[in-house]
Amino acid sequence: MRQINDAHVARPGLAVVEVAAADDETAFAVQELLAARWGIAPADRTTREPGEPGVRLRCFLDLRQEPDSEH
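Attention in this report is confined to the structure presented alongside it. (Residues numbered from 1 in each chain as written. Predicted model: local features only at pLDDT ≥ 70, side-chain atom pairs only at ≥ 80, totals over all residues. Heavy atoms only, no water.)

Now for the pattern of salt bridges. Two side chains with opposite charge may pair up if their charged atoms get near one another. Summed over all chains, the structure comprises 4 salt bridges. Taking the shortest distance from any N to any O, the salt bridge between R56 and E52 comes out at 3.0 Å. For E52, a relative accessible area of 41% puts it in the partly exposed group. Among the salt bridges present, the one from R64 reaches D62, with a minimum N-O distance of 2.8 Å. Classification of R64 by relative accessible area gives partly exposed; the value is 45%. It is possible to trace a salt-bridge network through shared partners that takes in E18, E52, R56 and R58. (Salt bridge = Lys/Arg side-chain N within 4 Å of Asp/Glu carboxyl O. Buried < 20%, exposed > 50% of the residue type's maximum accessible area, 1.4 Å probe, protein only.)

As a further point, take the nonpolar core. In this structure, V19, A21, A27, A43, V55 and L57 together form the largest nonpolar core, which totals 6 residues. Within the residue set of this core, elements represented by two or more residues are β1 (14-21) and β3 (55-62). (Core = buried A, V, L, I, M, F, W, Y, C linked by side-chain atoms within 4.5 Å. Helix = DSSP H or I, 4+ residues; strand = E, 2+ residues; numbered from the N terminus.)

Here you go:
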């Protein structure tokens, strides 16, 4: 998974969320819950780390924006 850079958290209200889950379905369900409440840049796939259980998904939140608002 790529590094988190300064732009991802440059201002108050911006956050990077990494979800660890047993499977893709669970990880995407968590992402949908976040998207229902805040503006996000969603992930389109999960990653698997060799030797670690489950999957990971990283999305970027903007807590200053309501869902479906202009980005």
